[in-house]
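# Secondary and tertiary structure notes
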Amino acid sequence: MSVPVMINAFDSRNAANLDERTRDLVERRQRVLGQPYRMFYEEPVHFDWASGVRLYDAAGNTYLDAYNNVPCVGHCHPRVVAAIAEQAARLNVHTRYLDESIVGYAERLLAHFPAETNRLMLTCTGSEANDLALRIARNHTGGTGFIVTANAYHGISHAIAAMSPSLGLNVPLAVDVRTVAAPDPRLAASPEAVGAFFEREVRTAIADMQRHGIRPAALLVDTIFSSDGVFSEPAGFLAGAVAAIREAGGLFIADEVQAGFGRMGSHMWGFQRHGLVPDLVTMGKPMGNGYPIAGVVAREEVLERFAREARYFNTFGGNPVACAAATAVLDILRDEDLLANAATVGAHMKAGFEALSKRHDTIGDVRGQGLFLGVDILGADGAPSPGVAGDLVNALRRRRVLISASGPLGHVLKIRPPLPFSIADADELLQVCDEVLANL
Ligand code: PMP
């Protein structure tokens, strides 16, 4: 199990170096917010407004956003803002009354899914969506055992935090949770053997559960393995592992909170790259472009027993304003052809980082798909270096480029900008990275 990595976090010991206005806000924040909150960067950022892929501070400085996947169609997209405002001015109530907004949205969203996954339940956050998926999986299978990857993150509820090893040693995993190594090609015999490697991991975890009298309920994976370090190749590698969990009576839950809503470029959902139809799909973050909406898509047969034995109601989840925001996101993804953009700009950016890796020893493996890239950062000894990654992230922030690092050691640059990121934006990111790396 790993320890939580906070290499990019603000350290209050640096507060003395901040200008007076920033220091004052930092100090007020620290006086009133719960201590577990963290802030990014040695020198915190404080934005005033944002548009597209840019954020602006009160002094008028412009920042390039290569990090935020929530505003997937661009910060403060006017069509999302208008949809929220119009609906908020007309009606906003819970989902126990008939309303066109939720039904219309479900029809629109499910049209992006395989025919078998044909039911939608809405929540406010990805954590709630995963929590609900766990309850459904337990209920449907009668099992309690869950398999997750070694540095997975799936959310904040008690049940889900106990399946999120990236939270570290102080958040113990539940007794019926088993972890498997991430599908990292470097752990497999060859890149082509990733699928066989991952299937073996899952079969070993299932056997261990069974030895301990635990019945498997589900394999739960983030389909881009973001907190594990970003693993996307070769497409199709999940198939064997999914077959293994199904043979053992468990379900496959695809967590699309990171990969979903077109970020992969080639497809709307990460699981589609693997040629699979999940039993449950969870989603969130980009769904409302920042308005809280998340959800679970399920095969109807998986919900049957849950529907008989339980009820579902979420006070805010899927209310008309949330559905208006989410519908506008689907409209914009289509009208602005953002999947195609993610594919084109993502491929350009990946090639750019590969070229940078030839010039800078600091850059190791470059991975990912569409507008979700993972770039390994190495130290002078050629080993993964969270320290150098942290220095790079903070140096980029000083050059007004927003980025972050993650992975089990914290040495993987995580690049996942809003989807309207252009070739020119990608070139700017690459150029600034090149300059910063030359002086690191
Ligand atoms: N699943 C994954 C893969 C995530 O990355 C996250 C959030 N980082 C979640 C679930 C939880 O989503 P939320 O923060 O909306 O609860």
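Residues numbered from 1 in each chain as written. Predicted model: local features only at pLDDT ≥ 70, side-chain atom pairs only at ≥ 80, totals over all residues. Heavy atoms only, no water.

## As for the site of the ligand
- In the neighbourhood of the ligand, the contacting residues comprise Thr125, Gly126, Ser127, Asn130, Tyr153, His154, Gly155, Asp222, Asp255, Val257, Gln258 and Lys285.
- In the model, an oxygen atom of the ligand is placed 2.9 Å from a nitrogen or oxygen of the Gly126 main chain.
- Here Asp255 contributes a side-chain N or O atom positioned 2.7 Å from a nitrogen atom of the ligand.
- For the ligand, whose unbound accessible area comes to 390 Å², protein coverage reaches 82%. (Near = heavy atom within 4 Å. Polar contact = N/O pair within 3.5 Å; in protein donor to acceptor, adjacent residues only side chain to side chain. Areas by Shrake-Rupley, 256 points an atom, 1.4 Å probe, with all protein chains shown as cover.)

## Focus: the side chain of Asp222
- Position of Asp222 among the secondary structure elements: in strand β7 (residues 216-222).
- Separated by 2.5 Å, the side chains of Asp222 and Ser226 make a polar contact.
- When near neighbours in sequence (up to four residues on either side) are disregarded, Asp222 contacts His154, Ser227, Asp255 and Gln258. (Helix = DSSP H or I, 4+ residues; strand = E, 2+ residues; numbered from the N terminus. Contact = heavy atoms within 4.5 Å.)

## Concerning the sheet that holds strand β11 (residues 363-369)
- Read from one edge to the other, the open sheet built from four strands follows the order β11-β12-β15-β14, with strand pairing classed as antiparallel. The sheet is open, and its two borders are formed by β11 and β14 (404-406), each paired with just one other strand. Strand-to-strand twist of the sheet, defined as the mean angle between neighbouring strand axes without regard to direction, takes the value 30°.
- Here β11 runs beside strand β12 (residues 372-377); their pairing, made up of five bridges, is antiparallel. When the bridges of β12 are listed, Ile363 appears paired with Ile377. (Pairing = 2+ DSSP bridges. Axes fitted to C-alpha atoms, helices over the stretch in contact; angles between N-to-C directions.)

## Re the packing of aromatic side chains
- The full count for this structure, using the stated rule, is nine aromatic pairs.
- The interplanar angle of 10° and the centroid separation of 4.0 Å between the aromatic rings of Trp49 and Tyr56 together place this pair among those described as stacked.
- Overall, Trp49 belongs to the partly exposed group, its relative accessible area being 48%.
- Using a relative accessible area of 18% as the deciding quantity, one classes Tyr56 as buried.
- These aromatic residues form a ring-pair network of at least three members: Phe113, Phe261, Trp269 and Phe271. (Phe/Tyr/Trp six-rings, centres within 6.5 Å; stacked < 30°, edge-to-face > 60°. Buried < 20%, exposed > 50% of the residue type's maximum accessible area, 1.4 Å probe, protein only.)

## Considerations on the environment of His158
- Within the secondary structure layout, His158 lies in helix α5 (residues 158-161).
- Through-space distance from the C-alpha of His158 to that of Ala174 is 9.7 Å; in sequence the pair is 16 residues apart.

## Structural notes on the state of the cysteines
- Counted by the stated rule, this structure contains zero disulfides.
- Of the cysteine sulfurs around Cys124, a residue in no disulfide, the closest is that of Cys323, at 11 Å.
- On the accessibility criterion, Cys124 (16% relative accessible area) is buried. (Disulfide = S-S within 2.5 Å.)

## Overview of helix α7 (residues 239-247)
- Inspection of α7 places Gly240, Ala241, Val242, Ala244 and Ile245 among the buried residues, and these make up the whole buried set.
- Packed against the buried residues of α7 are β5 (145-149), α6 (194-211), β7 and β8 (251-255).
- Downstream of α7 by a residue or two, Gly249 has a phi angle that is positive, lying close to 90°.

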